[in-house]
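A closer look at the structure
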Amino acid sequence: EIRKSNIGTKTKKNDTKAPELKLTPEAKELSENFENNKGKLPWPVVEGVIFRPFGTYSPMPGITMTNSGVDIATSKGAIARAVFEGIVSVVTDDPESGKVIIIRHGQFLSVYRHLKEVFVKAGDKVQTKQTLGTIMYDEQNQMADIELQIWKGQNKVDPQEWLFKKD
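Residues numbered from 1 in each chain as written. Predicted model: local features only at pLDDT ≥ 70, side-chain atom pairs only at ≥ 80, totals over all residues. Heavy atoms only, no water.

A word on the pairing of strand 2 (residues 55-60)
Both strand 2 and strand 3 (residues 63-67) contribute to a ladder of 4 bridges, which runs antiparallel. Residue pairing across strands places Y57 opposite M65, the latter belonging to strand 3. Counting the residues between successive antiparallel strands, the hairpin from strand 2 to strand 3 contains 2 residues, one of them, G62, with a positive phi of roughly 85 degrees. (Pairing = 2+ DSSP bridges. Helix = DSSP H or I, 4+ residues; strand = E, 2+ residues; numbered from the N terminus.)

Remarks on unusual backbone geometry
Positive phi is not limited to glycine here, since H114 has a value of about 80 degrees. Within the fold, H114 resides in strand 8 (residues 108-118). For H114, a relative accessible area of 15% corresponds to the buried category. (Buried < 20%, exposed > 50% of the residue type's maximum accessible area, 1.4 Å probe, protein only.)

Some remarks on the packing of aromatic side chains
In total, this model carries 4 aromatic pairs according to the counting rule given. Ring centres of F34 and F84 lie 5.3 Å apart, and the angle between their planes is 85 degrees; this geometry places the pair in the edge-to-face category. With F34 in helix 2 (residues 25-36) and F84 in the loop between strand 5 (79-81) and strand 6 (86-94), the pair connects residues that are 50 residues apart, well separated along the chain. With respect to class, F34 is no different from F84; both count as buried. A cation over a ring is seen here: K76 above Y137, with NZ or CZ 4.6 Å from the ring centre. (Phe/Tyr/Trp six-rings, centres within 6.5 Å; stacked < 30°, edge-to-face > 60°. Lys NZ or Arg CZ within 6 Å of the ring centre and 35° of its normal.)

As for the nonpolar core
Core analysis: the biggest nonpolar cluster contains 30 residues, and Y112 and L132 have the highest contact counts within it. Elements supplying a minimum of two residues to this core: helix 2, strand 4 (70-74), strand 7 (98-105), strand 8, strand 10 (131-135) and strand 12 (143-152). Top contributing element to this core by residue count: strand 12, with 4 residues. Not counting chain neighbours up to four residues away, the residues in contact with Y112 comprise P44, R81, A82, V83, K99, V100, I101, I103, L132, I146, E147 and L148. (Core = buried A, V, L, I, M, F, W, Y, C linked by side-chain atoms within 4.5 Å. Contact = heavy atoms within 4.5 Å.)

Comments concerning helix 2
End to end, helix 2 covers 17 Å across 12 residues, agreeing with the expected 16 Å (1.5 Å per residue, within 8%). Every buried residue of helix 2 is accounted for by A27, L30, S31 and F34. Projection of helix 2 onto a plane perpendicular to its axis shows the buried side chains occupying an angular sector of 105 degrees, all on one side. In this structure, helix 2 carries P25, E29 and N36 as exposed residues pointing more than 90 degrees from its buried face. (Expected span 1.5 Å × (residues − 1). Arc of directions from axis to C-beta.)

Concerning the pairing of strand 4
For strand 4, the buried fraction is high: 5 of the 5 residues fall into the buried class. Looking at chain direction, strand 1 (residues 49-52) and strand 4 are connected through 3 bridges and run antiparallel. Counted as the bridge partner of I50 is I72 from strand 4.

So this is what it looks like as C-alpha coordinates:
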(Lines give C-alpha, C1' and ligand atoms only; values in the text may rest on other atoms or scores of the structure.)
Protein backbone atom coordinates (compact mmCIF):
# COMPACT_ATOMS: atom_id res chain seq x y z
CA GLU A 1 0.00 0.00 0.00
CA ILE A 2 2.81 2.40 0.87
CA ARG A 3 4.62 1.58 -2.37
CA LYS A 4 1.40 2.11 -4.38
CA SER A 5 0.74 5.47 -2.70
CA ASN A 6 4.25 6.70 -3.48
CA ILE A 7 4.34 5.92 -7.22
CA GLY A 8 5.76 8.93 -9.01
CA THR A 9 7.17 10.42 -5.79
CA LYS A 10 10.90 11.02 -5.71
CA THR A 11 12.81 10.08 -2.57
CA LYS A 12 16.22 11.31 -1.51
CA LYS A 13 19.03 8.77 -1.58
CA ASN A 14 20.06 9.25 2.07
CA ASP A 15 16.50 9.51 3.41
CA THR A 16 16.37 7.37 6.58
CA LYS A 17 12.73 8.16 7.35
CA ALA A 18 10.38 5.19 7.23
CA PRO A 19 8.21 5.28 4.12
CA GLU A 20 4.68 6.48 4.74
CA LEU A 21 1.40 6.55 2.88
CA LYS A 22 0.87 9.61 0.67
CA LEU A 23 -2.73 10.69 1.15
CA THR A 24 -5.09 12.64 -1.05
CA PRO A 25 -7.25 15.26 0.72
CA GLU A 26 -10.16 12.79 0.62
CA ALA A 27 -8.02 10.03 2.14
CA LYS A 28 -6.82 12.41 4.87
CA GLU A 29 -10.44 13.17 5.78
CA LEU A 30 -11.28 9.44 5.78
CA SER A 31 -8.29 8.79 8.09
CA GLU A 32 -9.45 11.48 10.50
CA ASN A 33 -12.99 10.07 10.49
CA PHE A 34 -11.60 6.58 11.15
CA GLU A 35 -9.39 7.83 13.98
CA ASN A 36 -12.30 9.78 15.52
CA ASN A 37 -14.27 6.53 15.71
CA LYS A 38 -11.77 4.70 17.92
CA GLY A 39 -13.80 2.61 20.37
CA LYS A 40 -16.95 3.03 18.27
CA LEU A 41 -16.36 0.83 15.19
CA PRO A 42 -18.95 -1.89 14.61
CA TRP A 43 -17.82 -5.49 14.97
CA PRO A 44 -17.00 -7.36 11.75
CA VAL A 45 -19.69 -9.93 12.70
CA VAL A 46 -23.24 -9.53 14.01
CA GLU A 47 -22.59 -11.92 16.91
CA GLY A 48 -19.24 -12.98 18.27
CA VAL A 49 -16.76 -13.07 21.08
CA ILE A 50 -13.01 -12.43 21.04
CA PHE A 51 -11.28 -15.67 21.93
CA ARG A 52 -7.72 -14.87 20.87
CA PRO A 53 -6.40 -11.40 21.80
CA PHE A 54 -4.04 -9.07 19.99
CA GLY A 55 -0.32 -9.21 20.70
CA THR A 56 1.59 -11.71 22.79
CA TYR A 57 -0.48 -13.99 24.97
CA SER A 58 -0.14 -17.33 26.75
CA PRO A 59 -2.74 -19.96 25.81
CA MET A 60 -1.21 -22.29 28.43
CA PRO A 61 1.68 -22.16 30.89
CA GLY A 62 5.07 -22.10 29.20
CA ILE A 63 3.72 -21.27 25.75
CA THR A 64 3.48 -17.80 24.25
CA MET A 65 2.01 -16.82 20.92
CA THR A 66 1.69 -13.56 19.00
CA ASN A 67 -1.45 -12.47 17.18
CA SER A 68 -1.49 -9.62 14.64
CA GLY A 69 -5.18 -8.99 15.25
CA VAL A 70 -8.07 -10.39 17.26
CA ASP A 71 -9.81 -13.66 16.50
CA ILE A 72 -13.57 -13.56 16.94
CA ALA A 73 -15.61 -16.76 17.27
CA THR A 74 -19.00 -16.60 15.60
CA SER A 75 -21.73 -18.89 14.33
CA LYS A 76 -21.57 -21.24 11.35
CA GLY A 77 -22.63 -19.43 8.17
CA ALA A 78 -21.87 -15.97 9.62
CA ILE A 79 -21.07 -13.05 7.37
CA ALA A 80 -18.14 -10.66 7.61
CA ARG A 81 -18.87 -6.91 7.54
CA ALA A 82 -16.73 -3.85 6.96
CA VAL A 83 -15.91 -2.01 10.18
CA PHE A 84 -15.72 1.34 8.37
CA GLU A 85 -16.14 2.84 4.93
CA GLY A 86 -13.20 2.60 2.58
CA ILE A 87 -11.79 1.17 -0.63
CA VAL A 88 -11.06 -2.54 -1.06
CA SER A 89 -7.33 -2.68 -1.71
CA VAL A 90 -6.70 -6.43 -1.90
CA VAL A 91 -8.69 -9.64 -2.16
CA THR A 92 -6.47 -12.71 -2.08
CA ASP A 93 -6.28 -16.37 -1.10
CA ASP A 94 -4.09 -17.55 1.76
CA PRO A 95 -3.58 -21.33 1.89
CA GLU A 96 -3.60 -21.23 5.71
CA SER A 97 -6.40 -18.75 6.36
CA GLY A 98 -8.77 -18.81 3.38
CA LYS A 99 -9.66 -15.65 1.54
CA VAL A 100 -8.36 -12.32 2.85
CA ILE A 101 -9.70 -8.81 2.26
CA ILE A 102 -7.78 -5.59 2.96
CA ILE A 103 -9.71 -2.32 3.05
CA ARG A 104 -7.98 1.05 3.06
CA HIS A 105 -9.39 3.87 5.21
CA GLY A 106 -6.90 6.64 4.42
CA GLN A 107 -3.75 5.81 6.41
CA PHE A 108 -5.54 2.92 8.16
CA LEU A 109 -6.05 -0.61 6.87
CA SER A 110 -8.50 -3.22 8.11
CA VAL A 111 -7.72 -6.86 7.31
CA TYR A 112 -10.31 -9.65 7.37
CA ARG A 113 -8.99 -13.23 7.37
CA HIS A 114 -10.62 -16.69 7.40
CA LEU A 115 -13.23 -16.00 4.72
CA LYS A 116 -14.83 -18.74 2.64
CA GLU A 117 -16.42 -16.50 -0.02
CA VAL A 118 -16.02 -12.82 -0.82
CA PHE A 119 -18.58 -10.49 -2.36
CA VAL A 120 -16.24 -7.56 -3.11
CA LYS A 121 -13.24 -6.99 -5.36
CA ALA A 122 -10.21 -4.70 -5.35
CA GLY A 123 -11.25 -1.13 -6.11
CA ASP A 124 -14.77 -1.44 -4.67
CA LYS A 125 -15.92 1.33 -2.36
CA VAL A 126 -17.54 -0.19 0.73
CA GLN A 127 -19.71 1.28 3.45
CA THR A 128 -19.67 0.65 7.19
CA LYS A 129 -21.35 -2.71 7.99
CA GLN A 130 -21.44 -3.72 4.31
CA THR A 131 -21.30 -7.49 3.80
CA LEU A 132 -17.86 -8.55 2.60
CA GLY A 133 -18.28 -12.32 2.47
CA THR A 134 -18.92 -15.48 4.46
CA ILE A 135 -16.69 -16.79 7.22
CA MET A 136 -15.01 -20.21 6.98
CA TYR A 137 -16.23 -23.00 9.22
CA ASP A 138 -13.62 -25.41 10.59
CA GLU A 139 -15.33 -28.83 10.70
CA GLN A 140 -12.50 -30.36 12.74
CA ASN A 141 -12.74 -27.77 15.53
CA GLN A 142 -16.47 -27.15 14.98
CA MET A 143 -15.87 -23.42 14.90
CA ALA A 144 -16.27 -20.35 12.71
CA ASP A 145 -13.97 -17.42 13.36
CA ILE A 146 -12.68 -14.30 11.70
CA GLU A 147 -9.39 -12.57 12.34
CA LEU A 148 -9.56 -8.77 12.24
CA GLN A 149 -6.38 -6.74 12.00
CA ILE A 150 -6.08 -2.96 11.99
CA TRP A 151 -2.95 -1.21 10.78
CA LYS A 152 -1.98 2.44 10.96
CA GLY A 153 0.61 2.74 8.22
CA GLN A 154 3.13 -0.02 8.96
CA ASN A 155 2.10 -0.43 12.60
CA LYS A 156 -0.34 -3.03 13.87
CA VAL A 157 -2.77 -1.71 16.46
CA ASP A 158 -5.06 -3.59 18.83
CA PRO A 159 -8.44 -3.93 17.09
CA GLN A 160 -10.18 -4.43 20.44
CA GLU A 161 -9.41 -0.79 21.30
CA TRP A 162 -11.18 0.31 18.10
CA LEU A 163 -14.31 -1.86 18.32
CA PHE A 164 -17.50 -0.79 20.07
CA LYS A 165 -17.42 -2.06 23.66
CA LYS A 166 -20.04 -4.73 24.25
CA ASP A 167 -21.74 -4.93 27.66
